[in-house]
Amino acid sequence: MEDENEQGRETEVAPALISVHPAQHYVTVAVGSDLRVFNLQEGCSVSLVDESPEPLHKDSIRAIRFGANGKLFVSAGDDKLVKIWSTDSWRCLYSVSSEKRVSAVAISNGGRFVCFADKFGIVWVVELDGVHENQALVCKKAEPLLAHYCSIITSLEFSPDEQYIVSADRDFKIRVTAFPKNPLDGAHEIQSFCLAHTEFVSCLTFICCQDYPLGLLVSGSGDSTVRLWDFTSGSLLHTCEVGAEAGIAQSNGRKEGSNTIVTGLCATPDGSLVAVAIQRQLLRESLSSYCSFPGIMLLACNFSAKILSVARVVSITEEAFIPTSLGTTFSSGLLWMVMGVSSSQSSGSASLARVRVISGFSKNDAESTELEPIVLADKEIPGGEQLLLKLQGNLSVEEEVFSAAAEAVKTAMHNLLIKKQYSAERREFRKRGRNDRKDKR
Amino acid sequence: MLENEENPCISKSTRLPRKRFYRARAHSNPLSDSHFPVPISPSHVDYSLHYPQFFQSSDILAGSKKIEFADIGCGFGGLLISLATLFPETLMIGMELRDKVTEYVKERILALRKASPGEYQNASVVRTNSMKYIPNYFEKGQLSKMFFLFPDPHFKEKNHRRRVISPHLLDEYAYVLRVGGIIYTITDVEELGDWMKSCLEGHCMFEAITEEELEADPVVKLLSSATEEGQKVSRNGGQTFRAVYRRILPCV
Ligand SMILES: C[S@@+](CC[C@H](N)C(=O)[O-])C[C@H]1O[C@@H](n2cnc3c(N)ncnc32)[C@H](O)[C@@H]1O
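Residues numbered from 1 in each chain as written. Chains lettered and ligands numbered in written order. Predicted model: local features only at pLDDT ≥ 70, side-chain atom pairs only at ≥ 80, totals over all residues. Heavy atoms only, no water.

**Q** Honestly, the UniProt feature "active site" (unreviewed entry) in chain B in this entry has me stumped. Any pointers?
**A** Mapped onto this numbering, the UniProt entry gives "active site" (unreviewed entry) at Asp152(B). In this fold, Asp152(B) is placed in the loop between strand S4 (143–149) and helix H7 (167–176). (UniProt positions renumbered as here; feature names shortened; annotations may be inferred. Helix = DSSP H or I, 4+ residues; strand = E, 2+ residues; numbered from the N terminus.)

The following block contains the structure:
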């Protein structure tokens, strides 16, 4: 709940986010309240233009994304503002105030509707009146679309045909709701619930191919699995135990104080491959040594057999890189990754963002070996050093900063996804502190 | 439990559980996270535990039965007890947030099963937060009746989101109710009655049931008479406010 989070604020740092323009014109990274945009076509950084009374963001950004046609970009987070930007001018065209902090956003394909989820589990919708470059900033009011009862929504996605909007939460639930013609009246028709995860659902993505234009839904969770769903019926098609596949000790791993969680998913446009970001999470604070999963797991999707299988693991060996966010584009075959956290006041550590790119992230073709995915060296990344300078804030990251950041990344993910466990004593105390208990008839 | 003749919570004369041993806090906060098991999905609900006679028999037809009635916030279970004999072939479940109250209902049903062999086999109860976990118990269109009798009023505006009837929760109830299924609500709090009625009236998947139909429905009479809360209200001569709606297809 909101007040619980409020109390843990001083230790709560936000994971860095990355989003890539569908035609790879821009790459954006959000670290804390800082939104960084790089123009890949012109090889220069972009300055944002925001004429609102509260320009840019004042607190951690929790969600960023480009619209499918690339014309719009949305950013939102803890400052309870949703900002909608034109990607031509990088002006803020619309600003929406949220009652609560924002945890996820989605844009309909045509860019007509923007949806966002707040910390109370309510999904809101705003209708845009197009992208008019020289319009003055418009403040929009959002209407409630649907709600998960008091559970933080971690991911929000439109189905490829936009008939449905899918929302995932920390209470293991995935809800598929028909997206109505007039969403401002709410989305009341629930198509299905996809239920099988036994921990928080952290991420969702759709995969579709020519034979399955409707697409299949893929979800990642704290239960160390990636699952494949027929989302119209809610039936589970396949479960990929990525924790076990990664060779990480499982099952009794929990008792030893560690657990594998899936933190990010990103599919190729043809749906043949899904990149999975994995973290090994320590549940017991006292343990300080950990072994992170060294890289990204690529799952191959077999649409006819409806199976996800591990295609390969792309190792990132030279540094303790734990991606916090993934992104790709229509045709570049590049998987963009960022690892990072906002600075945490308590530890005094500076914010860090490290951007890495994997090439050959495209069609899973057993025949061709030329396209073997590899991690690009910094100077091979599109945009080169200029881009890294902008998105990372500096070019090289020292090793101890890196390992400190790795720790912070884990804490950030933990806070984001795992519910706070209160001791019985503390729960009693919180109960007593409440003034709303005695609703007398 | 029932084996133990010395159980002080069970009355020696009536062999029914004594309510005073199961007294609990008047209200629970449905927003706080409690610690009780939740089935991963409706297919994980263990029917043989709830309805052993239906599910341990070799009768395949009985074994494929699903729960059709849900009494949300069932309290001490009076409605379930009445419905169990009125619809002996229909599986029904009460959902209750308070632990001790749930235990009481469990014991009550077990005692009734023992006292009248063959009866009450179709009624059971589960401790859960219905506001969070309804989709974990019931599939799409599984239920034909849902009951909300004398729910907690949560007067303050800021606590309205704790009410068991709200526009967003009605979306979930519409999901688990089949087309033609009925939602029954009743309260002695006028303001809450107005609220529940306006939520249902404003929802595109519910329509009001006509007075004639209400007259003909044997269940309607139970709304104010079968539950402990209802009996208390009628003892005190209180007024009740009812809203009974049918699940319909949304018009597109
Ligand atoms: C005023 S009582 C009415 C009980 C019963 N229906 C009757 O008429 O006697 C309301 C009941 O709803 C239960 N309740 C409240 N919120 C609930 C929730 N979210 N899930 C399940 N039960 C809930 C309370 O514990 C309480 O027993």
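**Q** How should the nonpolar core be read in this particular structure?
**A** Across soluble globular proteins, nonpolar side chains have a tendency to be buried as a group. Residue and element names in this part refer to chain B. Counting residues in each nonpolar core, the largest one holds 46 residues, and the members touching the most others are Phe-138, Met-146, Tyr-173 and Ile-183. For this core, the leading source of residues is H7, giving six residues. The contacts of Ile-183, once residues within four sequence positions are left out, are Met-146, Phe-148, Ile-165, Leu-170, Tyr-173, Leu-177, Leu-200, Phe-206, Ala-243, Val-244 and Tyr-245. Membership of the second largest hydrophobic core comes to 32 residues, among which are Leu-80, Ile-81, Ile-186 and Ile-209. (Core = buried A, V, L, I, M, F, W, Y, C linked by side-chain atoms within 4.5 Å. Buried < 20%, exposed > 50% of the residue type's maximum accessible area, 1.4 Å probe, protein only. Contact = heavy atoms within 4.5 Å.)

**Q** What should I look at first to understand helix H6 (residues 130–137) of chain B in this one?
**A** Given 3.6 residues to a turn, an α-helix orients residues that are three or four positions apart in the same direction. Counting buried positions along H6(B) gives eight out of eight residues, so the element sits mostly inside the fold. Taken as a whole, H6(B) has its buried residues at Ser130(B), Met131(B), Lys132(B), Tyr133(B), Ile134(B), Pro135(B), Asn136(B) and Tyr137(B). The secondary structure elements touched by the buried residues of H6(B) are strand S17 (190–194) of chain A together with strand S1 (67–72), strand S2 (91–96), strand S3 (123–127), S4 and H7 of chain B. The N-cap residue of H6(B) is Asn129(B): its side-chain oxygen and the backbone nitrogen of Met131(B) are 3.0 Å apart. (Polar contact = N/O pair within 3.5 Å; in protein donor to acceptor, adjacent residues only side chain to side chain.)

**Q** What is the right way to read unusual backbone geometry from this model?
**A** Residue and element names in this part refer to chain A. Look at Gln-24: it is not a glycine, yet its phi comes out positive at around 60°. Residue placement: Gln-24 occurs in the loop between strand S1 (17–20) and strand S2 (26–31). Gln-24 gets classed as buried once you look at its relative accessible area, which sits at 15%. In the Ramachandran plot, Leu-56 falls in the positive-phi region, its phi being about 55° despite a non-glycine side chain. On the secondary structure map, Leu-56 appears in the loop between strand S4 (44–46) and strand S5 (61–66). According to the relative accessible area criterion, Leu-56 is partly exposed, its value standing at 39%.

**Q** Is there a simple way to explain the site of the ligand in this structure?
**A** Glu96(B), Arg98(B), Asn129(B), Leu149(B) and Thr227(B) are the nearest of the 19 residues found near the ligand. One chain alone does not account for the residues near the ligand; they come from chains A and B. In this structure, Asn129(B) approaches the ligand through a side-chain N or O atom, which is 2.8 Å from a nitrogen atom. When isolated, the ligand has an accessible area of 610 Å², and the protein chains bury 95% of it. Looking at the shell around the ligand, the elements with two or more residues in it are S2, H6 and helix H11 (228–235) of chain B. When grouped by side-chain class, the residues that make up the shell around the ligand number seven nonpolar, six polar and six charged. (Near = heavy atom within 4 Å. Areas by Shrake-Rupley, 256 points an atom, 1.4 Å probe, with all protein chains shown as cover. Nonpolar A, V, L, I, M, F, W, Y, C, P; charged D, E, K, R; others polar.)

**Q** What exactly am I supposed to notice about the environment of Gly77(B) here?
**A** Looking at the secondary structure, you find Gly77(B) in the loop between S1 and helix H4 (78–86). In this structure the C-alpha to C-alpha distance between Gly77(B) and Val38(B), which are 39 residues apart in sequence, comes to 21 Å.

**Q** I keep staring at the packing of aromatic side chains and nothing clicks. Help me out?
**A** Aromatic ring pairs are described here by two measures, namely the spacing of the ring centres and the angle between the planes. Residues and elements named next belong to chain A. Using the criterion set out here, one finds 19 aromatic pairs over all chains in the structure. Here Phe-113 and Phe-179 contribute two aromatic rings whose centre-to-centre distance is 5.7 Å and whose plane-to-plane angle is 70°, an arrangement assigned as edge-to-face. Here Phe-113 is found in strand S10 (residues 113–118), whereas its partner Phe-179 is found in the loop between strand S16 (174–178) and S17, with 66 residues between them in sequence. Of the two residues examined, Phe-113 and Phe-179, each falls in the buried class. (Phe/Tyr/Trp six-rings, centres within 6.5 Å; stacked < 30°, edge-to-face > 60°.)

**Q** Even after reading the chapter, I still don't get the sheet that holds strand S7 (residues 81–86) of chain A, so can you show me in this structure?
**A** Two orientations exist for strands paired in a sheet by backbone hydrogen bonds: parallel and antiparallel. All names here are of chain A. Read from one edge of the open sheet, five strands run S5-S6-S7-S8-S12, paired in mixed fashion. This sheet does not close on itself; its edge strands, each paired only once, are S5 and strand S12 (138–140). Across the sheet, the mean angle separating the axes of adjacent strands is 20° when strand polarity is ignored. When strand S6 (residues 72–77) meets S7, the two strands line up antiparallel, connected through five bridges. From the neighbouring strand, Phe-73 faces S7, where its bridge partner is Trp-85. (Pairing = 2+ DSSP bridges. Axes fitted to C-alpha atoms, helices over the stretch in contact; angles between N-to-C directions.)

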